[in-house]
There are 2 protein chains.
Amino acid sequence: MKRRQFLKVAAVGAATTAVAAPAIAQSSPQIRWRLTSGFPKSLDTIYGTAELIAKYVSDMTDGRFVIQPFGAGEIIPGLESVDAVSRGTVEMSHTAAFYNFGRDPTFGLATSVPFLMGQRSQNAWLYQGGGNGIIQDFFNAASIVAFPAGNTGTQMGGWFRREIRTLEDMRGLRMRIGGFSGRVIQRVGVVPQQLAGGDIYPALERGTIDAGEWVGAYDDEKLGFQRVAPFYYYPGWQEGSSVLHLMTNQAKWNELPAGYKAILEAAAAYGNSQMMAMYDARNAAALRRLVGAGTQLRPFPTEVLDGIYREAIALYAEVSAQNAPFKRMYDSAVAFRNEFYLYNQISDYSFDTYMMRAIRQRT
Amino acid sequence: MKRRQFLKVAAVGAATTAVAAPAIAQSSPQIRWRLTSGFPKSLDTIYGTAELIAKYVSDMTDGRFVIQPFGAGEIIPGLESVDAVSRGTVEMSHTAAFYNFGRDPTFGLATSVPFLMGQRSQNAWLYQGGGNGIIQDFFNAASIVAFPAGNTGTQMGGWFRREIRTLEDMRGLRMRIGGFSGRVIQRVGVVPQQLAGGDIYPALERGTIDAGEWVGAYDDEKLGFQRVAPFYYYPGWQEGSSVLHLMTNQAKWNELPAGYKAILEAAAAYGNSQMMAMYDARNAAALRRLVGAGTQLRPFPTEVLDGIYREAIALYAEVSAQNAPFKRMYDSAVAFRNEFYLYNQISDYSFDTYMMRAIRQRT
């Protein structure tokens, strides 16, 4: 051992003894990060989950790891939240990967694509079916480390100014519907429009669009669509389940001590459960208020769903043929979902079917 | 200030400066706890979740908070796991509260009772519908602090040696079915038997029981019921959703630093998601194997479910009339569930219905 090296080692040893617990101090540094949400603060469900996650992390580290959340547009525009983390402009985002759909449709698939799966199967695929690993492999190229951190469940199919009775009724419809869903529905003749949440109401009011989808009853009610479009369609074929991700810039992630990494992962998982629970606790009351105020609920005719479904499947085949990461993620998700439904139809789905009938008969 | 007091304060101040970060050291003490599972190690889903939670806690604390899990019977018999935490014999348990059903049926309700709700509504009720608070109020009397930490989803209705076609066919049936479910099914003439998991197979083989329920396809397959009872019924009306809890002795909980409390809570929530995902990822393949080996799947006739349902509702009214904590918990859960289904039937349930049909038509 060279003398210089020996001195260094000895010095470290001495410090360890003197400072009592330097490993602890080093593994729990004071850190302050910014998190940009892909959504406005008015969405207390989605944005509220980012706040919850920040609180969990602070509580778990005795206030040493502080994450300050910002609403969409405060420091980064909502649609640029994924890119901002990728570039390292901010350390973190709580957002939907599909905002980067234009760069690669695989980002859309990481959040939700039409007719894919529901929340329960998606969680199972992510946590226990290889989904998180496949998505992380894809995110690596964007220098993002991500964990599932919220879910909307099945969304509503959107607000329509006039009734839809046939697939033909969809033709020529100008509808606010984004990303992958827009590309799918275009194939049955709808003219998809990309509009930010706040722009949907005035467009529906002026009649520059004929229909628009946002999230579900609780979030939609806040934007007031019930006042400008009478028909509220279900189910949301376009988002059977929509995953929010807690994204961290890869370089920033690498700087974190191992304990903080584990804390972020657990906080994201807790937030994932909480966001679904928030929607489940709030959507029914909102739906009651909407219907009480005159909103007319309508199921999409099967012919319409079938028509869109056929086009979705055709599009997935086309994209898969030229995009290997998309194909890998899609094939894995679909195989998992099919198996999931095989069992779920006799277990939970069967139980739910019985319970819904029993409750209707007694009340 | 007295001189002795001043000296004490000064000494603390000096220590603070010298030791660099004593607040950190104090808030992250080295702790080693034992956790007794209510279930055997062979249930890699349930027991595996206890192991996962222990791992999360260790990872989040850089190995300073170590939880050592033990299988049922290793240090505490499975059925006594709740009591052991209540008395402080062990610091923690990962178990089903309903093992204490005999002491108070409200323990049963905290886990699952017949015809209550599914996993998604139960999670939403627990996290965002006041459920966790109501359950904690009840657990306070047993000196237990608890968090949801796993779910089986809707279980299977059990294995039967002969087919069930009418409610009358249930009369006189000797069935292994525990706790609250036993009390319910007794009212339609079934003779409920309390047997540990490992005793069900020999009892079915010898014909000392006619039927028995355990969990679902993945767990049931391991116990080999398919070799001694040909008919496998669904859905598991007795457990539409069954919650595992991470329970901590109240006095031990109070000793924990705030950061460790937050870490336990988040680890439990992460485990809660993971256990459901494990079942969802494993049940379908097990069901395929069972059916491939000759198991005959049967839905319970509606007449049978209706008959048991009526008795369950009557029993809940009787228990509620004399047990205020039960009534409070039950009324809260039922009101939440009814609202949940109102929305779910048009959102997720409607999406799932369409998807199951579409997948069947394409494959």
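See above for the structure.
Below: a short report on this structure. (Residues numbered from 1 in each chain as written. Chains lettered and ligands numbered in written order. Predicted model: local features only at pLDDT ≥ 70, side-chain atom pairs only at ≥ 80, totals over all residues. Heavy atoms only, no water.)

1. Some words on the overall build of chain A
Filter applied, for reference: For the purposes of this entry, the term helix denotes a DSSP run of H or I that reaches at least four residues, the term strand denotes a run of E that reaches at least two, and both are numbered from the N terminus. Per-residue accessibility, obtained with a 1.4 Å probe over protein chains only, is compared with the maximum for each type, and a residue is labelled buried under 20%, exposed over 50%, and partly exposed between these values. The contact rule is simple, with two residues in contact once any of their heavy atoms fall within 4.5 Å. Calculation of accessible area relied on Shrake-Rupley with a 1.4 Å probe; when residues are assessed, cover is drawn exclusively from the protein chains displayed. For the charge count, each Lys or Arg is scored as positive and each Asp or Glu as negative, with His and the chain ends excluded. All charge positions are set by atom: Lys at NZ, Arg at CZ, Asp at CG, Glu at CD.
Looking only at helices and strands, one finds 15 helices and 11 strands in chain A. Expressed as a percentage of its 363 residues, the buried residues of chain A come to 61%. Across chain A, the fraction of contacts at a sequence separation of at least 24, relative to all contacts at a separation of at least 6, is 77%. Surface summary for chain A: the accessible area is close to 13,500 Å², and the carbon and sulfur share equals 52%. For chain A, the centre of its 36 positive side-chain charges and the centre of its 32 negative side-chain charges are spaced 5 Å apart.

2. Quick word on the pairing of strand β4 (residues 144–151) of chain A
Residues and elements named next belong to chain A. We count it as follows: At least two bridges found by DSSP between two strands is the condition for calling them paired.
Here β4 lies mainly inside the structure; 8 of its 8 residues are buried. Bridge count between β4 and strand β10 (residues 243–249): 6 bridges; the pairing is antiparallel. The residue of β10 that forms the bridge with A146 is M247.

3. Let's talk about the relation of the copies chain A and chain B
Each of the two chain copies can be generated from the other by rotation about an axis followed by a shift along it. Using the following cut-off: Here the copies are matched by least squares. The fit uses the C-alpha atoms of residues with pLDDT of at least 70 in both.
The transform that puts chain A on chain B rotates by 180° and translates by 0.0 Å along the axis, for an RMSD of 0.0 Å. In the structure described here, the two chain copies are related by an operation that fits a two-fold rotation axis.

4. Section: the sheet that holds β4(A)
Residues and elements named next belong to chain A. Spelled out, the test is: Only C-alpha atoms enter the line fits that serve as axes; for helices the fit covers just the stretch in contact. Angles between N-to-C directions range over 0 to 180 degrees.
Spatially, the 5 strands line up as an open sheet ordered β2-β1-β3-β10-β4, and their pairing is mixed. The sheet terminates laterally at β2 (65–70) and β4, the two strands that pair on one side only. Strand after strand, the sheet turns through a mean of 25° between neighbouring axes, direction not considered. Seen against the sheet, helix α3 (residues 46–60) touches β1 (31–37), β2, β3 (92–95), β4 and β10 and runs at an angle of roughly 170° to β2.

5. Digging into the pairing of strand β2 (residues 65–70) of chain B
Residue and element names in this part refer to chain B. Just so we agree on the cut-off: A crossover gets the label right-handed when its path from the first strand over the helix to the second runs clockwise, viewed with the strands pointing away from the viewer.
Across the 6 residues that make up β2, a large majority, 5, are buried. Bridge analysis of strand β1 (residues 31–37) against β2 gives 6 bridges, and the strand direction is parallel. Residue pairing for β2: T36 is matched across the bridge by F70. As a crossover connection, the stretch from β1 through helix α3 (residues 46–60) into β2 is right-handed.

6. So, the interface of chain A and chain B
Spelled out, the test is: Buried area: the accessible surface (1.4 Å probe) lost by two parts on joining, summed over both. Salt bridges are defined as contacts in which a side-chain nitrogen from Lys or Arg sits within 4 Å of a carboxyl oxygen from Asp or Glu. Polar contacts, as counted here, are pairs of nitrogen or oxygen atoms within 3.5 Å of one another; within protein the pair requires one atom able to donate a hydrogen and one able to accept it, and residues that are adjacent in sequence qualify only if both atoms are side-chain atoms. Amino acids outside the nonpolar list (Ala, Val, Leu, Ile, Met, Phe, Trp, Tyr, Cys, Pro) and the charged list (Asp, Glu, Lys, Arg) are all regarded as polar, and Gly is one of them.
If you look at the interface, chain A gives 82 residues, while chain B gives 83 residues. Carbon and sulfur atoms make up 64% of the surface buried where chain A meets chain B, a total of about 7,500 Å² over both sides. The largest contributions to the chain A side of the interface with chain B come from A:Y343, A:F351 and A:Y354, which together make up 10% of the buried area. Where chain A touches chain B, the interface holds 6 salt bridges. Across the salt bridge formed by B:R357 and A:D306, the nearest N and O atoms sit 3.1 Å from each other. Where chain A meets chain B, there are 30 residue pairs in polar contact (both at pLDDT 80 or more). Within the residue set of the side of chain A that touches chain B, elements represented by two or more residues are α2 (22–27), α3, α6 (119–128), α12 (258–292), α13 (302–322), α14 (324–344) and α15 (348–362) of chain A. Residues of the side of chain A that touches chain B, tallied by class, amount to 45 nonpolar, 21 polar and 16 charged.

7. Notes on α12(A)
Residue and element names in this part refer to chain A. Keep this limit in mind: What a helix is expected to span follows from its residue count: subtract one and scale by 1.5 Å. Given a residue, its bend is the angle between the two axes fitted to the seven residues that end at it and to the seven that start from it.
In this model, α12 (35 residues) spans 52 Å end to end at C-alpha, consistent with the 51 Å of a helix rising 1.5 Å per residue. The sharpest bend along α12 reaches about 30° and sits at R282. The buried count for α12 comes to 25 of 35 residues, which makes it a mostly enclosed element. In the segment just after α12, G294 is the residue with positive phi, at about 110°.

8. So, the packing of helix α6 (residues 119–128) of chain B against helix α7 (residues 131–140) of chain B
Residues and elements named next belong to chain B. Under the convention used in this document: Each angle gets one of four labels, with under 35 degrees taken as roughly parallel, over 145 as roughly antiparallel, 65 to 115 as roughly perpendicular, and the rest as oblique.
Where α6 meets α7, the axes come as close as 4 Å, and the angle between the chain directions of the two elements is 70°. Taken together, the axes of α6 and α7 are roughly perpendicular relative to one another. In this structure, α6 contributes W125, L126 and Y127 to the contact, and α7 contributes G131, N132 and I135. For the contact of α6 with α7, the residue count by class is 4 nonpolar, 2 polar and no charged.

9. Regarding the side chain of B:Q155
Of note, B:Q155 is situated in the loop between β4 (144–151) and β5 (158–160). Ignoring any residue separated from it by four or fewer positions in sequence, one finds B:Q155 in contact with B:E213, B:W214, B:V215, B:P235, B:G236, B:Q238, B:E239 and B:S242.

10. So, the pattern of salt bridges
Under the defined criterion, the tally for this structure stands at 39 salt bridges over all chains. Residue A:D331 pairs with A:K327 through a salt bridge whose shortest N-O separation is 2.6 Å. Residue A:D331 and its partner A:K327 are both found in helix α14; the two are separated by 4 residues, about one turn of the helix. For A:D331, a relative accessible area of 35% translates into the label partly exposed. Overall, the relative accessible area of 38% leaves A:K327 in the partly exposed class. Two residues, B:E168 and B:R171, come together in a salt bridge whose shortest N-O distance is 3.4 Å. Each of A:D44, A:K222 and A:R282 takes part in a single network of salt bridges with overlapping partners.

11. Looking at the packing of aromatic side chains
For any pair of aromatic rings, the description consists of the separation of the ring centres together with the inter-plane angle of the planes. All names here are of chain A. Counted only if it meets this: Between 30 and 60 degrees the pair is tilted, below 30 it is stacked and above 60 it is edge-to-face, where a pair is any two Phe, Tyr or Trp rings, Trp via its six-membered ring, whose centres lie within 6.5 Å. By the criterion adopted, a ring carries a charge over it if an Arg CZ or a Lys NZ lies within 6 Å of its centre and within 35 degrees of its normal.
Per the counting criterion, the structure on display carries 53 aromatic pairs over all chains. Through successive ring pairs, a cluster of aromatic residues spans F101, F180, Y316, F326 and Y330. Cation over ring: R183 sits above F180, and NZ or CZ is 5.9 Å from the ring centre.

12. Considerations on unusual backbone geometry
The phi angle of most residues is negative, glycine excepted, and most peptide bonds adopt the trans form. Put simply, A:Y234 and A:P235 share a cis peptide bond, and its omega is -5°. Here A:P235 is to be found in the loop between β9 (231–234) and β10. A positive phi angle is found at B:F115, which is not glycine, with a value near 55°. Here B:F115 shows up in the loop between α5 (105–111) and α6. Here B:F115 falls in the buried class, since its relative accessible area comes to 1%. Positive phi outside glycine occurs at B:S143, with the angle close to 60°.

13. What to know about the environment of B:Y201
All names here are of chain B. In this fold, Y201 is placed in helix α9 (residues 197–206). Each C-alpha atom, one on Y201 and one on A211, is 10.0 Å from the other, the two residues being 10 residues apart in sequence. Setting aside residues no more than four positions away along its own chain, Y201 makes contact with L223, G224, F225, R227 and V228.

14. Quick look at the sheet that holds β5(B)
Residues and elements named next belong to chain B. Read from one edge of the open sheet, 6 strands run β7-β6-β8-β5-β9-β11, paired in mixed fashion. What marks the edges here is a single partner per strand, and that holds for β7 (191–193) and β11 (296–299). Of the pairings in the sheet, the one linking β5 to strand β9 (residues 231–234) comprises 3 bridges and is antiparallel in character. Counted as the bridge partner of W159 is Y232 from β9.

15. Quick word on helix α8 (residues 179–186) of chain A
For an α-helix the count is 3.6 residues per turn, leaving residues at separations of three or four pointing the same way. Taken across its 8 residues, α8(A) has 6 buried, putting it largely inside the fold. Taken together, the buried positions of α8(A) are A:G179, A:F180, A:S181, A:G182, A:V184 and A:I185.

16. Considering the side chain of B:S28
Along the chain, the position of B:S28 falls in the loop between α2 (22–27) and β1. Taking the relative accessible area as the measure of exposure, B:S28 reaches 6% and is therefore buried. For B:S28, the residues in contact, after removing those within four places along its chain, are A:R64, B:R64 and B:Y260.

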